[in-house]
Amino acid sequence: MVSKPIFNNAASGSPAGWTIKLGDSPVIGTAIHSGSDVGRACQSLMCIPDPDRLREEDPFTEHFIADFPTQIIVHRSRFQVDLNRAREAAVYRSPDQCWGLHVWREPPAEDVVDESLAFHDAFYGELRRVLADVERRYGRFVLVDVHSYNHRRAGPKAAPASQDGAPDINIGTFSMDRARWAPVVDAFTEALRGQDFNGEPIDVRENVSFQGKGEQARFVHANFPGTGCAIAVEFKKIFMDEWSGEPDWAAIERLRSMLGSTVPVLEAALRGMT
């Protein structure tokens with residue numbers, strides 16, 4: 001497979017907000033919450049401690065999509081602007097919007113908020129362009145929308161959440177036409193369920209801890225009805241210590257390999273659709 005060059009949206013002398021690698025496939029992997037960068041204006045107004053911020057971001061998820069032909073990785077922290085929320089809710093204004101955390105030392109001025117919302121607008125404009133090109137070339141596409149979630153919220157020494165409500169991998173399908181995309185979603189799910197993690201079958205379930213109600217999946221299904229399938233994938237943080245932030249690189253590599261193995265499965269499922 002021949003990939004096109006990697007590019008980002010950085011202006012000269014400024015950090016990039018995202019990086020996109022374009023490949024020759026109708027399968028796209030995204031990690032839109034993996035970033036931790038915060039712009040200077042916002043940083044000066046924030047009071048949230050870095051460990052708390054990191055715990056609610058999705059660190060290392062960019063590694064899970066490293067074998068995907070097309071990758072979209074966002075470097076901007078969700079605490080500046082959350083791309084997986086609708087525009088009007090993309091900047092956290094109060095603790096009830098973000099796990100009870102106090103983000104701001106003082107409320108951000110409207111020009112600061114406007115700058116963050118402009119980033120939201122620019123990202124979705126670029127996403128539309130990329131997906132329209134993939135649609136033009138292949139007719140249909142699958143976007144695997146990768147996130148992670150905490151399962152030790154009671155504290156670092158407390159018992160983890162019950163496995164009953166916290167699968168290792170949660171697949172969210174809320175905003176899609178589930179019947180139409182059943183061949184794709186079912187093939188993807190079964191490909192993951194056939195894998196093992198630390199010598200045990202990986203626990204993969206649909207719409208348990210999350211339902212896939214994020215903005216990116218909604219955007220795909222609203223703007224590419226019938227041709228775009230966005231599968232929201234939440235990895236439980238079995239690949240890191242969610243309190244210290246310490247990664248388990250062997251676990252990350254195993255999950256990367258597991259997810260990467262679904263790419264040809266998804267491509268075949270798309271080809272088989274009528």
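Figured I'd write up the structure that's included with this text.

Basis of the calculations
- All residue numbers refer to positions counted from 1 along the written sequence of the respective chain.
- Where totals are concerned, whole chains, interfaces and linings use all residues; where local detail is concerned, this predicted model gives features only for residues with pLDDT of at least 70, and gives and counts side-chain atom pairs only at 80 or more.
- Hydrogens and water molecules were not included; the side-chain quantities draw on all heavy atoms of the structure.
- To get an axis, fit a line to the C-alpha atoms, keeping to the stretch in contact for a helix; angles then go from 0 to 180 degrees between the N-to-C directions.
- By the criteria applied, helices consist of DSSP H or I runs no shorter than four residues and strands consist of E runs no shorter than two, each listed in order from the N terminus.
- An angle below 35 degrees is treated as roughly parallel, one above 145 as roughly antiparallel, one from 65 to 115 as roughly perpendicular, and anything else as oblique.
- We call two residues in contact whenever any of their non-hydrogen atoms come within 4.5 Å of each other.
- Buried, partly exposed and exposed residues are distinguished by accessible area as a fraction of the type maximum, computed with a 1.4 Å probe on protein chains only: under 20%, between the cut-offs, and over 50%, respectively.
- Along the arc lie the directions from the helix axis toward the C-beta atoms.
- To pair, rings of Phe, Tyr and Trp, with the six-membered ring standing in for Trp, must have centres within 6.5 Å; the planes then decide the type, stacked if under 30 degrees apart, edge-to-face if over 60, and tilted in the middle.
- Charge-over-ring contacts are defined here by two conditions on Lys NZ or Arg CZ: a distance within 6 Å of the ring centre and an angle within 35 degrees of the ring normal.
- By disulfide we mean two sulfur atoms from cysteines, separated by a distance within 2.5 Å.
- Only when DSSP finds a minimum of two bridges between them are two strands counted as paired.
- Side-chain atoms within 4.5 Å are what join buried Ala, Val, Leu, Ile, Met, Phe, Trp, Tyr and Cys residues into a set we call a nonpolar core.
- A positive count includes Lys and Arg, and a negative count includes Asp and Glu. His and the chain ends are not counted in either.
- In what follows, salt bridge is the name for a side-chain nitrogen of Lys or Arg lying within 4 Å of a carboxyl oxygen of Asp or Glu.
- Pairs of N or O atoms within 3.5 Å make up the polar contacts considered here, provided that, within protein, one atom can donate a hydrogen while the other can accept it, and that residues adjacent in sequence are counted only when both atoms are side-chain atoms.

## What about the packing of helix α7 (residues 249-260) against helix α8 (residues 262-271)?
For step 1, the next point in the chain: Closest axis-to-axis distance for the α7/α8 pair is 5 Å, and the angle between their directions is 20°. In terms of their interaxial angle, α7 and α8 are classed as roughly parallel. Across the interface between the two elements, Met258, Leu259 and Gly260 of α7 pack against Thr262, Val263 and Pro264 of α8.

## Some remarks on α8
For step 1, the next point in the chain: Along α8, the residues that are buried comprise Thr262, Val263, Leu266, Glu267, Ala269 and Leu270. In a view along the axis of α8, the buried residues occupy a sector of 165°, so they form one face of it.
For step 2, the next point in the chain: Contact partners of the buried residues in α8: β3 (27-31), β5 (141-149), α5 (182-193), β10 (228-236) and α7.

## Section: the packing of aromatic side chains
For step 1, the next point in the chain: What the rule picks out here adds up to twelve aromatic pairs.
For step 2, the next point in the chain: An angle of 85° between the planes, with centres 5.5 Å apart, marks the rings of Phe79 and Tyr92 as edge-to-face. In this pair, Phe79 sits in the loop between β4 (70-74) and α4 (110-138) while Tyr92 sits in the loop between β4 and α4, placing the two residues 13 residues apart along the sequence.
For step 3, the next point in the chain: Grouping aromatic residues by their ring pairs yields a cluster made of Trp18, Phe119, Phe123, Tyr124 and Phe219.
For step 4, the next point in the chain: Lying over the aromatic face of Phe119, Arg76 brings its terminal NZ or CZ to 4.4 Å of the ring centre.
For step 5, the next point in the chain: In this arrangement the basic side chain of Arg180 is found over the ring face of Trp181, its NZ or CZ atom lying 5.2 Å from the centre.

## As for the state of the cysteines
For step 1, the next point in the chain: All told, the structure shown has zero disulfides when counted by the stated rule.
For step 2, the next point in the chain: Free cysteine: Cys42, not disulfide-bonded; nearest cysteine sulfur from Cys47 at 13 Å.
For step 3, the next point in the chain: On the basis of relative accessible area, Cys42 is assigned to the buried category, the value being 3%.
For step 4, the next point in the chain: We note that Cys47 lacks a disulfide partner, and the nearest cysteine sulfur, in Cys98, lies 10 Å from it.

## Concerning the pairing of β3
For step 1, the next point in the chain: The buried fraction of β3 is high, at five of five residues.
For step 2, the next point in the chain: In β3, alternate side chains face the same way, and those of Val27, Gly29 and Ala31 on one face and Ile28 and Thr30 on the other are all buried.
For step 3, the next point in the chain: Inspection of the sheet shows β3 paired to β5 by four bridges, in the parallel sense. Within the sheet, the bridge partner assigned to Ile28 lies in β5 and is Leu143.
For step 4, the next point in the chain: By the bridge criterion, four bridges tie β3 to β4 in an arrangement that is parallel. Bridging across to β4, Gly29 finds its partner in Gln71.

## Comments concerning the nonpolar core
For step 1, the next point in the chain: By size, the foremost hydrophobic cluster in this structure holds 39 residues, and its most contacted members are Phe79, Val103, Phe123, Leu127 and Leu131.
For step 2, the next point in the chain: Elements supplying a minimum of two residues to this core: β2 (18-21), β4, α4, β5 and α6 (215-223).
For step 3, the next point in the chain: Per element, the largest residue contribution to this core is ten residues, and it comes from α4.
For step 4, the next point in the chain: With 37 residues, the next largest nonpolar core counts Val144, Leu192, Cys229 and Ile252 among its residues.

## So, the side chain of Lys237
For step 1, the next point in the chain: Here Lys237 is to be found in the loop between β10 and α7.
For step 2, the next point in the chain: For Lys237, which is buried and forms no salt bridge, the nearest opposite charge comes from Asp58, at a distance of 5.1 Å.
For step 3, the next point in the chain: Within polar-contact distance, the side chain of Lys237 engages the backbone oxygen of Glu57 at 3.2 Å.
For step 4, the next point in the chain: Those residues in contact with Lys237, other than ones at most four positions away along the chain, are Leu54, Arg55, Glu57, Pro59, Ser148, Tyr149, Asn150, His151 and Glu242.

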